[in-house]
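Examining the three-dimensional arrangement
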Amino acid sequence: MRKTLLLAATAVALTVGLTACSAGAGADTAASSSPSSSSSSSSSSPAKDDRTGTFSGLNKMTVAGTATVADGTLTLSGFSSDEGPDLHVYLTNGTDESAVAAGKEIAPVSYDKASQTFDLKGLDTSAYTDVVIHCDKAKAVFGAAALA
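Residues numbered from 1 in each chain as written. Predicted model: local features only at pLDDT ≥ 70, side-chain atom pairs only at ≥ 80, totals over all residues. Heavy atoms only, no water.

**Thoughts on the side chain of Thr 92**
By secondary structure assignment, the location of Thr 92 is in strand E5 (residues 87-92). Exposure remark for Thr 92: the relative accessible area of 0% places this residue in the buried category. Among the polar contacts listed, one links the side chain of Thr 92 to the backbone oxygen of Gly 94, at a separation of 2.6 Å. Apart from residues no more than four positions distant in its own chain, Thr 92 is found in contact with Ala 99, Val 100, Gly 103, Tyr 128, Thr 129, Asp 130 and Val 132. (Helix = DSSP H or I, 4+ residues; strand = E, 2+ residues; numbered from the N terminus. Buried < 20%, exposed > 50% of the residue type's maximum accessible area, 1.4 Å probe, protein only. Polar contact = N/O pair within 3.5 Å; in protein donor to acceptor, adjacent residues only side chain to side chain. Contact = heavy atoms within 4.5 Å.)

This is the structure in structure tokens:
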């Protein structure tokens, strides 16, 4: 009986959390990204570290577009996501909550801005395998792109 109640309570909490990050009626929660300056870099970042991945939605959410890590920047192209009040982009090694917790938060991300660029200068991007879109408020992964 206790297990059943605990499972039911957990399911309700997860549903409420994901609802917090679903589309809000009439709310414009688009956050501005931190654009990086476009400079021709002569950094030690070799071209082999340039990686790209295509987003897929996770946990019944929709995320689309391409993530490219190159020359000290993360660029989202053709990007779109289900709306969420607290969306952030992370570099991770996996796509679950523990991977997000162990990963590197980059910045807030706009769900409806197709092109976004984030500064990664000083970060060893080769240490990460995925770009994850995460709703921090609900602790929910919306989608991810495996970098190759």
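Moving on from the model shown.
**Considering the nonpolar core**
The biggest cluster of nonpolar side chains holds 26 residues, and the ones touching the most others in it are Phe 55, Leu 74 and Ile 133. Setting aside its immediate chain neighbours within four residues, Ile 133 contacts Phe 55, Val 63, Phe 79, Ser 81, Leu 87, His 88, Val 89, Val 109, Ala 140, Val 141, Phe 142 and Gly 143. Residues Tyr 90, Val 100, Val 141 and Ala 144 belong to the second largest nonpolar core, which totals five residues. (Core = buried A, V, L, I, M, F, W, Y, C linked by side-chain atoms within 4.5 Å.)

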